[in-house]
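Chain by chain, the residues run as shown.
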Amino acid sequence: EVIDIQCFGPNGTYAMMLARLTRTPLVYSNHGETFMDAHDSFRTSALLRRSLASTLARADAVTSCSMYAAKDLEHYGLRSSAEIVANAVDADVEPMPVSGLPARYIAGIGRLVDNKGFTQLLEAFASARTRLDDTALVIAGDGPDGSWLREYAHTLGIADRVTFTGALTRGQVVSVLGGALVHVVPSHVEAFGIVILEGWRAGITVVATPNGGPPEFVRDGVDALLCDPYETERLGDLLVELVNDEPQRSRIGTAGRARLAEFTWSTVTDRYDALFARVVPAAPTPTEVER
């Protein structure tokens, strides 16, 4: 009844052609792939750019995880407004054990690629290490920059204070964040920032990038703190402040946990149900003879 492209890649090209051939209603759901892709595919592939432009011209509806991400679609021909449908996380995930974690630590979780800002997080931690006492840094995730980041931690003289966990299951992510003092999301830019929701689920203070979608739903100083990752000295000072201020951490973490109810999968599916109902033609009412 409807074709919905979730994140545009080669799948989008085939879906757009199928919708055209079968005259099926088409929905495109954007998640920031036009600027978040680690391989910069939309800059390097003319075919991908043309296919996205054709999809935007053909689509019966467009959704986006944030207004920031929707704005970028204007470069590819979006002329009408996109419907904003935020992301979500499962509220209850069974924690799974993770070995080798330090007793007190700051956490950063994500794919180890340049855009996620772990270089800046290491620099911020290095700038504040003498004021963080026994607090360590845990970087959880895997990716092509993993080896380089480990080497950079040695270069900065903080390798003995940094733990790289590698790839984690969802349950292990819950455990890492559940034991952290602070969760840092130092991305250069985020289309939305699901990892912010993961920090809220853990009930801990989140320090997030102000670049991209996060300011659209984060209330700075209330349920999270926004700090530009490129301001590494300021980020380091903020980490010292939070590590030494348990009441502030508790206040912000509690407020973040309360926000999680706004970002459930049932909310997301309800929004898509309503959208699909608008774009799928209603079945004709049967005549008396057909009855």
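Refer to the preceding data block for the structure.
All figures in this text were calculated on a predicted structure; none of them were measured in a lab.

Caption draft 1: Region of interest: the environment of alanine 255. You can see alanine 255 is positioned in helix 11 (residues 246-259). With 36 residues separating them along the chain, alanine 255 and arginine 219 place their C-alpha atoms 9.7 Å apart. What alanine 255 contacts, discounting residues up to four positions off in sequence, is Val222 and Asp223.

Caption draft 2: Structural view of the pattern of salt bridges. Applying the stated criterion to the full structure yields 13 salt bridges. Residue aspartate 60 pairs with arginine 58 through a salt bridge whose shortest N-O separation is 3.4 Å. Glutamate 83 is the salt-bridge partner of arginine 278, the closest N and O atoms lying 2.6 Å from each other. Residue arginine 278 is located in helix 12 (residues 265-279), and its partner glutamate 83 is located in strand 4 (residues 83-84); the two are separated by 195 residues in the primary sequence. A residue is classified by how much of its surface remains accessible, and glutamate 83, at 21% relative accessible area, is partly exposed. A network of salt bridges, in which partner residues are shared, links Arg219, Asp223, Arg259 and Glu262.

Caption draft 3: Structural view of the environment of glutamate 74. Topologically, glutamate 74 is positioned in the loop between helix 5 (67-72) and strand 4. For glutamate 74, a relative accessible area of 44% corresponds to the partly exposed category. C-alpha of glutamate 74 to C-alpha of alanine 53: the two residues are 21 residues apart in sequence and 9.6 Å apart in space.

Caption draft 4: Region of the structure containing the sheet that holds strand 1 (residues 3-6). Pairing is parallel in the open sheet, where four strands are placed in the order 1-2-3-4. Two strands bound the open sheet, and with one partner strand each, they are strand 1 and strand 4. Examined bridge by bridge, strand 1 and strand 2 (residues 26-30) share four bridges and lie parallel to one another. By the bridge assignment, aspartate 4 is partnered in strand 2 with valine 27. This element, helix 4 (residues 46-58), spans strand 1, strand 2 and strand 3 (61-64) of the sheet and lies at about 125° to strand 2.

Caption draft 5: Representation of the packing of aromatic side chains in the model. Under the defined criterion, the tally for this structure stands at 11 aromatic pairs. Considering the side-chain rings of tryptophan 200 and phenylalanine 217, the 5.9 Å spacing of their centres and the 85° angle between planes classify their relative orientation as edge-to-face. Placement of tryptophan 200 in helix 9 (residues 194-202) and of phenylalanine 217 in the loop between strand 9 (205-208) and strand 10 (225-226) is noted, with a sequence separation of 17 residues between them. Considered together, tryptophan 200 and phenylalanine 217 belong to a single accessibility category, that of buried residues. On the accessibility criterion, tryptophan 200 (0% relative accessible area) is buried.

Basis of the calculations
- Residues numbered from 1 in each chain as written.
- Predicted model: local features only at pLDDT ≥ 70, side-chain atom pairs only at ≥ 80, totals over all residues.
- Heavy atoms only, no water.
- Helix = DSSP H or I, 4+ residues; strand = E, 2+ residues; numbered from the N terminus.
- Contact = heavy atoms within 4.5 Å.
- Salt bridge = Lys/Arg side-chain N within 4 Å of Asp/Glu carboxyl O.
- Buried < 20%, exposed > 50% of the residue type's maximum accessible area, 1.4 Å probe, protein only.
- Pairing = 2+ DSSP bridges.
- Axes fitted to C-alpha atoms, helices over the stretch in contact; angles between N-to-C directions.
- Phe/Tyr/Trp six-rings, centres within 6.5 Å; stacked < 30°, edge-to-face > 60°.

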